[in-house]
Amino acid sequence: MDDDQLLRYSRHILLDELGIEGQRRLLDAHALVIGAGGLGSPVALYLGTAGVGTITLVDDDTVDLTNLQRQIAHDLSRLGVPKAESARQSVRAINPEVRVDARVQRADAGLLDELVARADVVLDCSDNFGTRQAINAACAAHARPLVAGAALGFDAQIAVYDTRVAEAPCYACVFPPEATVADANCATMGVFAPLVGIIGSMQAAEALKLLAGIGEPLIGRLLMLDARTMEWTQIAVQRVPDCPVCAAARRARAHAQP
């Protein structure tokens, strides 16, 4: 690190658990963020300020006036601009050293297979069940840790799914792909503005812990928040031995090993 970096990241470097080596790991890391809206905004901003070297942002939507109530990476000057590009500009305005790749594309299986393989950590900031399952499948196939968040109304949840850990579940172990889920969205249900900031900030924190190799990630634990009372509930979640997603991926990786 040069003198400017030592100064910029000095408050991280002062942390015994992180220090210079942990900050170097962040500078060398690549985070993939799916969704640049309510959750993706604080995620992208905090990963950028923390010095994660490469951030790939994926979102096919554009900034709308109704987004500005909660999506803090965007502003009035960017109405109609792709969210991935708007978030890229916001991150670069704070930390121009960070490489930000804005992908104005839908996160389908083909794109996820390409991008997840390149990333060190994946953050699911999407807003629908199908995309969440596709992200999880790609993370299981490539053995990448997944930090998954969701928020709607006054209710939210966050967990880390890491199939590199033998007994850790994947997202599909907890929320089976075959389950019938009626996708709700902010346009019809609404969302409490600070809620996405709370969960998005926590997603960024979990990703930074994973990248720097510090602390205890939220693996095997699902945290749920009711913002009406600001009460947290923690549930232990278990791996399903015959999970159609992660069990198959684990077997494929085992067979591929010499």
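As shown above, the structure is provided for reference.
Residues numbered from 1 in each chain as written. Predicted model: local features only at pLDDT ≥ 70, side-chain atom pairs only at ≥ 80, totals over all residues. Heavy atoms only, no water.

**Q** Got a minute to help me understand the overall build of the protein in this structure?
**A** Broken down by element type, the protein carries eleven helices and eight strands. Against the 2.2 N^0.38 benchmark of 18 Å for 258 residues, the protein shows a C-alpha radius of gyration of 18 Å, consistent with a compact globule. Judged by the C-alpha coordinates and their principal axes, the protein covers about 50 × 45 × 40 Å. For the protein, buried positions account for 50% of its 258 residues. Considering only contacts in the protein between residues 6 or more positions apart, those separated by 24 or more positions represent 66%. (Helix = DSSP H or I, 4+ residues; strand = E, 2+ residues; numbered from the N terminus. Rg over C-alpha atoms; globule rule 2.2 N^0.38 Å. Buried < 20%, exposed > 50% of the residue type's maximum accessible area, 1.4 Å probe, protein only. Contact = heavy atoms within 4.5 Å.)

**Q** How should unusual backbone geometry be read in this particular structure?
**A** Keep in mind that most residues, glycine aside, have a negative phi and that most peptide bonds are trans. In this structure, Ala-143 is a non-glycine residue whose phi angle is positive, near 55°. Structurally, the position occupied by Ala-143 is in the loop between helix H7 (129-142) and strand S5 (146-152).

**Q** What exactly am I supposed to notice about the pattern of salt bridges here?
**A** Once their charged atoms are close, side chains differing in charge can pair, the charge on each being opposite to the other. Enumeration over the complete set of coordinates arrives at eleven salt bridges. A salt bridge links Asp-155 to Arg-228; its shortest N-O distance comes to 3.0 Å. Remark: Arg-228 occurs in the loop between strand S7 (221-226) and strand S8 (231-236) and Asp-155 occurs in strand S6 (residues 155-161); sequence separation between them is 73 residues. Of the residues examined, Arg-228 reaches a relative accessible area of 51% and is grouped as exposed. The partner of Arg-228 in a salt bridge is Asp-226, with the nearest N and O atoms 3.0 Å apart. Classification of Asp-226 by relative accessible area gives partly exposed; the value is 25%. Through salt bridges with shared partners, a single network forms among Asp-101, Arg-103, Glu-114 and Arg-118. (Salt bridge = Lys/Arg side-chain N within 4 Å of Asp/Glu carboxyl O.)

**Q** Honestly, helix H4 (residues 40-50) in this entry has me stumped. Any pointers?
**A** Helical geometry note: an α-helix holds 3.6 residues per turn, so side chains three or four residues apart project in the same direction. Within H4, nine of the eleven residues are buried, leaving the element largely enclosed by the surrounding structure. In the stretch just after H4, Gly-51 is the one whose phi turns positive, near 90°.

**Q** Quick question: what am I supposed to make of the nonpolar core here?
**A** For soluble globular proteins, nonpolar side chains are generally found buried alongside one another. The biggest cluster of nonpolar side chains holds 43 residues, and the ones touching the most others in it are Val-33, Leu-47, Val-52, Ile-55, Leu-57, Val-121 and Leu-123. Sequence-distant contacts of Leu-47, defined by excluding residues within four places in its chain, comprise Ala-31, Val-33, Val-52, Ile-55, Leu-123, Ala-204, Ala-207 and Leu-208. One finds Leu-115, Phe-129, Ala-148 and Leu-222 within the second-largest nonpolar core, a separate group that totals 21 residues. (Core = buried A, V, L, I, M, F, W, Y, C linked by side-chain atoms within 4.5 Å.)

**Q** When you look at the sheet that holds S7 in this model, what are you seeing that I'm missing?
**A** Paired through backbone hydrogen bonds, the strands of a sheet run either parallel or antiparallel to each other. If you walk across this open sheet you meet the eight strands as S3-S2-S1-S4-S5-S6-S7-S8, and the pairing is mixed. Each having just a single partner strand, strand S3 (99-103) and S8 make up the two edges of the open sheet. The sheet shows a mean angle of 15° between the axes of neighbouring strands, direction not considered. Bridging between strand S2 (residues 54-58) and S3 involves five bridges; their strand directions are parallel. By the bridge assignment, Val-58 is partnered in S3 with Arg-103. (Pairing = 2+ DSSP bridges. Axes fitted to C-alpha atoms, helices over the stretch in contact; angles between N-to-C directions.)

**Q** Please explain the environment of Pro-244 as it appears in this structure.
**A** Mapped onto the secondary structure, Pro-244 falls in the loop between S8 and helix H11 (246-256). Owing to a relative accessible area of 58%, Pro-244 belongs among the exposed residues under this scheme. Sequence-wise, Pro-244 and Ser-90 are 154 residues apart; in three dimensions their C-alpha atoms are separated by 39 Å.

**Q** I'm lost on the pairing of strand S4 (residues 121-124) in this one. Help?
**A** The two faces of the sheet receive side chains in turn, since in a regular strand these alternate between them. The alternating pattern of S4 places Val-121 and Leu-123 on one face and Val-122 and Asp-124 on the opposite face, and all of these are buried. Here three bridges tie S4 to S5, and the two strands are oriented parallel to one another. Across the sheet, the residue bridging to Val-122 is Leu-146, located in S5. Between the parallel pair S4 and S5, the chain is carried across by H7, and the sense of this crossover is right-handed. (Right-handed = clockwise from strand over helix to strand, strands pointing away.)

**Q** What is the right way to read the packing of aromatic side chains from this model?
**A** For any pair of aromatic rings, the description consists of the separation of the ring centres together with the inter-plane angle of the planes. Counted under the stated rule, the structure contains four aromatic pairs. Arranged with centres 4.9 Å apart and planes meeting at 35°, the rings of Tyr-171 and Phe-175 form a pair that is tilted. Through a chain of ring-to-ring contacts, the aromatic side chains of Phe-129, Tyr-161, Tyr-171 and Phe-175 assemble into a single cluster. (Phe/Tyr/Trp six-rings, centres within 6.5 Å; stacked < 30°, edge-to-face > 60°.)

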